[in-house]
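For reference, the chains in residue letters:
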Amino acid sequence: MLKIPSLPSDPVAADIVKKFINNRLIGMMEEIIEDEIAFVMAMSGGIDQDLGEKPLDEVVDMDSLMQNLEFAENVSLSYLPDNYPIEKANREFIGLYRLLRAKDEYVPELPMEYVLDRIIENAIWQVDMINEDMADGFFDALKDNPFFDGTEEEGELTTIERIPNPDRAVVLAALEKECEEIELPEDDEDDYGPEDMILLYEDLRNYVETCFWDTDFAFLDEMDEDTLINSVEAKQLGIDARTDVKKVELSLDGNINVNMEINAAPWDMEE
């Protein structure tokens, strides 16, 4: 589960929000995985009919997918920095998916945060592009298509997904209490309330603020991960090591020392 920095102070409301955001992000990632796998299957001559009909883990072997170079090329192109090693792309993408599905809460590694940021930004971009096309009349002939069931009353797709009731009412009540405890200037009292605060959790446009502790992952656009981790800045920012990699030194015949890196993500170690 993603460790989220911005949550309601009420523990019950916080738990609702954590589960809602994580489940939403998992759903977004599963759509991407299914689309990419369907494309790979189509190129190889057939599509598994269970894809999209059954839970993803019943149809897709994630360990096998981790070794799929074509999948790595596709996710690297859309969700990782330019020139990021393709052989590491699946570790970051599938690693993020496994982190989101874990029971405990974790902060993703920098490349995984980069992937998450791109997933969120791409989803927002798609909504905006479709709305532009709808405004231009490109989809008038398809307005009754089930694809557009998620539109608002004014006929636009939205980046907002509501927390289902009765959970939403619980969160709003908690946020109402927080609003009462915040001393706002009189002019601002009617301008910001629980319905505004809950958009931090319901609107994808706010997820960069809601889901990330910082934007250090953006450094990956300027330098590769190894250079970044070994930089002076990384030590100052506390990002000079990965928590999902263990370094081991082995001695062979008492003479040769071999340094090895073993993937050991804590979310993969859960029982």
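Our structure is the block above this text.
Sequence positions are assigned chain by chain, starting from 1 and proceeding in written order. In keeping with the predicted nature of the model, local features appear solely for residues at pLDDT of at least 70, side-chain atom pairs appear and are counted solely at 80 or more, and the whole-chain, interface and lining totals rest on all residues. Hydrogens and water molecules were not included; the side-chain quantities draw on all heavy atoms of the structure.

A.B. asks: I'm lost on the overall build of the protein chain in this one. Help?
C.D. replies: A tally of regular secondary structure across the protein chain gives twelve helices and two strands. Going from the N terminus to the C terminus, the protein chain shows its helices and strands as α-α-α-α-α-α-α-α-α-α-α-α-β-β. Whether a residue is buried, partly exposed or exposed follows from its accessible area with a 1.4 Å probe, protein chains only, as a fraction of its type maximum: under 20%, in between, or over 50%, in that order. When each of the 271 residues of the protein chain is scored for burial, the buried share is 40%. Residue contacts are counted whenever heavy atoms from the two residues lie within 4.5 Å of one another. Of all intrachain contacts in the protein chain linking residues separated by at least 6 positions in sequence, the fraction that spans at least 24 positions is 59%. Carbon and sulfur atoms form 47% of the exposed surface of the protein chain, whose accessible area is close to 16200 Å². Each helix is a run of DSSP H or I of at least 4 residues and each strand a run of E of at least 2, with the numbering of both proceeding from the N terminus. Here the accessible surface of atoms and residues is derived via Shrake-Rupley with a 1.4 Å probe, and residues count as covered only by protein chains that are part of the display.

A.B. asks: I would appreciate a short explanation of the packing of helix H4 (residues 69–79) against helix H5 (residues 86–101) in the present structure.
C.D. replies: A pair of packed helices can be characterised by two numbers: the angle between their axes and the separation between those axes. Under this scheme, a helix contributes an axis fitted over its contacting stretch, all axes are lines through C-alpha atoms, and angles between N-to-C directions fall in the 0 to 180 degree range. Running from N to C, H4 and H5 cross one another at 75°; their axes reach a closest spacing of 8 Å. Relative to H5, H4 is oriented roughly perpendicular. Here Leu69, Phe71, Ala72, Glu73, Val75, Ser76 and Tyr79 of H4 lie close against H5, whose contacting residues are Ile86, Ala89, Asn90, Phe93 and Ile94. Here the residues of the contact of H4 with H5 are counted per class, giving nine nonpolar, two polar and one charged. Each angle receives one of four descriptions, namely roughly parallel if under 35 degrees, roughly antiparallel if over 145, roughly perpendicular if within 65 to 115, and oblique otherwise. Gly is put with the polar residues, along with every residue not named as nonpolar or charged; the nonpolar set is Ala, Val, Leu, Ile, Met, Phe, Trp, Tyr, Cys and Pro, and the charged set is Asp, Glu, Lys and Arg.

A.B. asks: Which parts of the structure should I look at to understand H4?
C.D. replies: At 3.6 residues per turn, the α-helix brings residues three or four places apart onto the same side. All buried positions along H4 are accounted for by Phe71, Ala72, Asn74, Val75, Ser76 and Tyr79. The backbone nitrogen of Glu70 lies 3.0 Å from a side-chain oxygen of the residue at the head of H4, namely Asn68. Pairs of N or O atoms within 3.5 Å make up the polar contacts considered here, provided that, within protein, one atom can donate a hydrogen while the other can accept it, and that residues adjacent in sequence are counted only when both atoms are side-chain atoms.

A.B. asks: How should the nonpolar core be read in this particular structure?
C.D. replies: The nonpolar side chains of a soluble globular protein tend to be buried, and buried together. Of all hydrophobic cores here, the largest spans 63 residues; its most connected members are Ile21, Leu25, Ile33, Phe93 and Ile119. When contributions to this core are tallied by element, the ones reaching two or more residues are helix H1 (11–44), helix H3 (62–65), H4, H5, helix H6 (110–135), helix H7 (167–181), helix H9 (199–202) and helix H10 (207–211). Contacts of Leu25, omitting those with residues within four sequence positions, involve Leu2, Leu100, Leu116, Ile120, Tyr207 and Cys211. Nonpolar cores are built from buried Ala, Val, Leu, Ile, Met, Phe, Trp, Tyr and Cys residues. Side-chain atoms within 4.5 Å join them into one set.

A.B. asks: Explain the packing of aromatic side chains to me, please; I cannot follow it from the model alone.
C.D. replies: The description of an aromatic ring pair uses the distance of the two centres, along with the angle that the planes make with each other. Only the six-membered ring of Trp is used, alongside the rings of Phe and Tyr, when aromatic pairs are assigned; centres must lie within 6.5 Å, and planes under 30 degrees apart are stacked while those over 60 apart are edge-to-face, with the rest tilted. One pass over the structure, following the stated rule, counts five aromatic pairs. Between Tyr79 and Phe93 the ring centres are 5.7 Å apart and the planes differ by 45°, which places this aromatic pair in the tilted class. Here Tyr79 is found in helix H4, whereas its partner Phe93 is found in helix H5, with 14 residues between them in sequence. Ring centres of Phe212 and Phe217 lie 5.2 Å apart, and the angle between their planes is 45°; this geometry places the pair in the tilted category.

A.B. asks: Even after reading the chapter, I still don't get the layout of surface pockets, so can you show me in this structure?
C.D. replies: To find leftover empty space, a probe the size of one water molecule is rolled over the atoms. The distinction between a cavity and a pocket rests on a 1 Å grid over the protein atoms alone: a 1.4 Å probe fits inside a cavity but cannot get out, while a pocket stays open yet meets protein on both sides within 12 Å along at least five of seven lines, and a residue with an atom within 4 Å of a point counts as lining. Grid points are joined across faces, edges and corners, and a volume is the space filled by probe spheres set on the points. Within this model, the largest pocket holds a volume of roughly 880 Å³. Along its surface, the largest pocket is lined by 23 residues, and Met28, Glu31, Ala123, Gln126 and Val127 are the ones closest to its centre. Of all the secondary structure elements, the ones that give two or more residues to the lining of the largest pocket are H1 and H6. Grouping the amino acids of the lining of the largest pocket by side-chain chemistry returns eleven nonpolar, six polar and six charged.

A.B. asks: What exactly am I supposed to notice about the pattern of salt bridges here?
C.D. replies: Think of it this way: side chains of opposite charge can pair up when their charged atoms draw near. The salt bridge criterion pairs a side-chain nitrogen of Lys or Arg with a carboxyl oxygen of Asp or Glu, the two atoms within 4 Å. Per the stated rule, a full pass over the model turns up eleven salt bridges. Note that Glu161 and Arg24 form a salt bridge whose closest N and O atoms lie 3.4 Å from each other. With Glu161 in the loop between H6 and H7 and Arg24 in helix H1, the pair connects residues that are 137 residues apart, well separated along the chain. A relative accessible area of 38% means that Glu161 is categorised as partly exposed. Judged by its relative accessible area of 10%, Arg24 falls in the buried class. For Arg168, the salt bridge is made with Glu195, and the minimal N-O distance between the two is 2.9 Å.

A.B. asks: Got a minute to help me understand H6 in this structure?
C.D. replies: Counted at 1.5 Å a residue, the expected span for H6 with its 26 residues is 38 Å, and the 37 Å between its end C-alpha atoms agrees. After H6 finishes, the residue Gly137 shows a positive phi value of roughly 85°. What a helix is expected to span follows from its residue count: subtract one and scale by 1.5 Å.

A.B. asks: Before we go on, may I ask you to explain unusual backbone geometry in this structure?
C.D. replies: A negative phi angle is the norm for most residues apart from glycine, just as the trans form is the norm for most peptide bonds. Residue Pro166 is reached from Asn165 by a cis peptide bond, and omega for that bond is 10°. Along the chain, Pro166 falls in the loop between H6 and H7. Non-glycine residue Asn83 carries a positive phi angle of around 65°. Position of Asn83 among the secondary structure elements: in the loop between H4 and H5.

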